[in-house]
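The residues making up each chain are set out below.
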Amino acid sequence: MSSSDIFIGETIGTAILILLGGGVCAAVTLKASKARNAGWLAISFGWGFAVLTGAYTTAPLSGAQLNPAVTLAIAIKDGDWGDVPVYWAGQLLGAMIGATLVWVAYYGQFHAHLTDKEIVGGPGAQSTKVKAVEAQEKGAGPVLGIFSTGPEVRVVWQNLATEIIGTFVLVLAILTQGLNGDGDGLGTLGVLITALVVVSIGLSLGGPTGYAINPARDLGPRIVHALLPLPNKGGSDWSYAWIPVAGPLIGGAIAAGIYNVAFA
């Protein structure tokens, strides 16, 4: 694979991943959406299908790694670091593009949600005895969860451990079952296996932190949230942002180390 193929493939694949994954979060969250309050089951399967679509679309181009933690693990496994910056650049750019497309697709719903007194408060909110969601959050605005993850209970070591554990499971499954014949990306059956593992992680381990398990998936959309002209959007919770970056990278590195010791 050439550097251009890798960059284009990872950009397109990660954009599709975030468009569909962020899209299901928007569908469930925004008040004017027909899927409002569809619940965690919808989100978990939505993200699994997002992985399935993004990976199948771009596996022939780049191997569809679509996750800096997976790229790091494959580099540790093979000892080949030459293409890592290209993969990471494409993944981050794709994540930002995907998050922007979610905003475009749900533009009217974002505006309606973020100008609703029940969501953001303001004049008249007290008379309706509604406490603004924004006032209940610390550092995070009322739609940040559409773009990036956050903990239900803010305990730093636990939040970090949860991301490490979830990513460890994902990456070890990919290294042992998901790679193509060249070992540099997902194979045809591996894409399906990976998508189902993502659903499993979401259902089993996603509750505490929202299971980023992918640094680009969290950081790229968080940057977009900070930049978009959303009314009453609130903060982007940058004090938490390092956890869904560091945790998945640590988890991926541990999985690669165990793979090299136990499976290689």
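Please refer to the structure placed before this passage.
Scoring rules and cut-offs
- Here the residue index of a chain counts from 1 through its sequence in written order.
- For this predicted model, a pLDDT threshold of at least 70 governs which residues receive local features, and a threshold of 80 or more governs which side-chain atom pairs are given and counted, while totals over whole chains, interfaces and linings are taken from all residues.
- Excluding hydrogens and water, the side-chain values take into account all heavy atoms of the structure.
- Starting at the N terminus, helices and strands are each numbered in turn, a helix being any DSSP run of H or I of at least four residues and a strand any DSSP run of E of at least two.
- Any two residues having at least one pair of non-hydrogen atoms within 4.5 Å are treated as being in contact.
- Note on areas: Shrake-Rupley with a 1.4 Å probe; residue coverage comes only from the protein chains shown.
- Salt bridge, as used here, is a side-chain nitrogen of Lys or Arg placed within 4 Å of a carboxyl oxygen of Asp or Glu.
- Between buried and exposed lies partly exposed: a residue is buried under 20% and exposed over 50% of the maximum accessible area for its type, with that area taken using a 1.4 Å probe on protein chains only.
- Here, nonpolar core means buried Ala, Val, Leu, Ile, Met, Phe, Trp, Tyr and Cys residues that are tied together by side-chain atoms lying within 4.5 Å of each other.
- Centre distance within 6.5 Å is the pairing criterion for rings of Phe, Tyr and Trp, where only the six-membered ring of Trp is used; planes under 30 degrees apart are then read as stacked, over 60 as edge-to-face, and the remainder as tilted.
- A fitted line through C-alpha atoms represents every axis, and for helices the fit uses only the stretch in contact; the resulting angles, taken between N-to-C directions, go from 0 to 180 degrees.
- Our angle categories are set so that under 35 degrees counts as roughly parallel, over 145 as roughly antiparallel, 65 to 115 as roughly perpendicular, and the remainder as oblique.
- The handedness criterion is simple: a crossing whose near helix is rotated anticlockwise from the far helix by less than a right angle is left-handed, and one whose near helix is rotated clockwise is right-handed.

**Focus on the overall build of the chain**
Looking only at helices and strands, the chain has twelve helices and zero strands in total. Overall size of the chain, expressed as C-alpha extent along the three principal axes, is 65 × 35 × 30 Å. When contacts within the chain are restricted to residue pairs at least 6 apart in sequence, those whose partners lie at least 24 apart make up 77%. Approximately 11300 Å² of the chain is accessible, and the part contributed by carbon and sulfur atoms is 65%.

**Describing the pattern of salt bridges**
Between side chains of opposite charge, a pair can form when the charged atoms approach closely. This model, assessed by the stated rule, comprises five salt bridges. For the salt bridge of K77 with D78, the shortest nitrogen-to-oxygen distance reads 2.6 Å. You can call K77 buried: its relative accessible area is 19%. Between D237 and R154 there is a salt bridge, and its shortest N-O distance comes to 2.9 Å.

**Digging into the nonpolar core**
Within the largest apolar cluster, 51 residues are counted, with the highest numbers of intra-cluster contacts made by W47, F110, V143, I146, F147 and L230. Not counting chain neighbours up to four residues away, the residues in contact with F147 comprise A99, F110, R217, P221, V224, H225, L228 and L230.

**Things to note about the packing of aromatic side chains**
Applying the stated criterion across every chain yields a total of five aromatic pairs. Considering the side-chain rings of F45 and F49, the 6.2 Å spacing of their centres and the 40 degrees angle between planes classify their relative orientation as tilted. One end of the pair is F45 and the other is F49, both in helix α2 (residues 40–62) and four residues apart, which spans about a single turn. Note on F45: relative accessible area 35%, which makes it partly exposed. Consider the rings of Y259 and F263, whose centres lie 5.9 Å apart with planes at 15 degrees: the pair is stacked.

**Some points on the packing of helix α11 (residues 215–227) against helix α12 (residues 243–262)**
One can describe the packing of α11 onto α12 by two numbers: an axis separation of 8 Å at closest approach and a directional angle of 165 degrees. Classified by the angle between their axes, α11 and α12 sit roughly antiparallel to one another. Once α11 is placed against α12, the crossing between them reads as left-handed. In contact with P215, D218, L219 and R222 of α11, α12 contributes P244, V245, P248 and L249.

Note that all results are geometric; they support no functional claim without further evidence.
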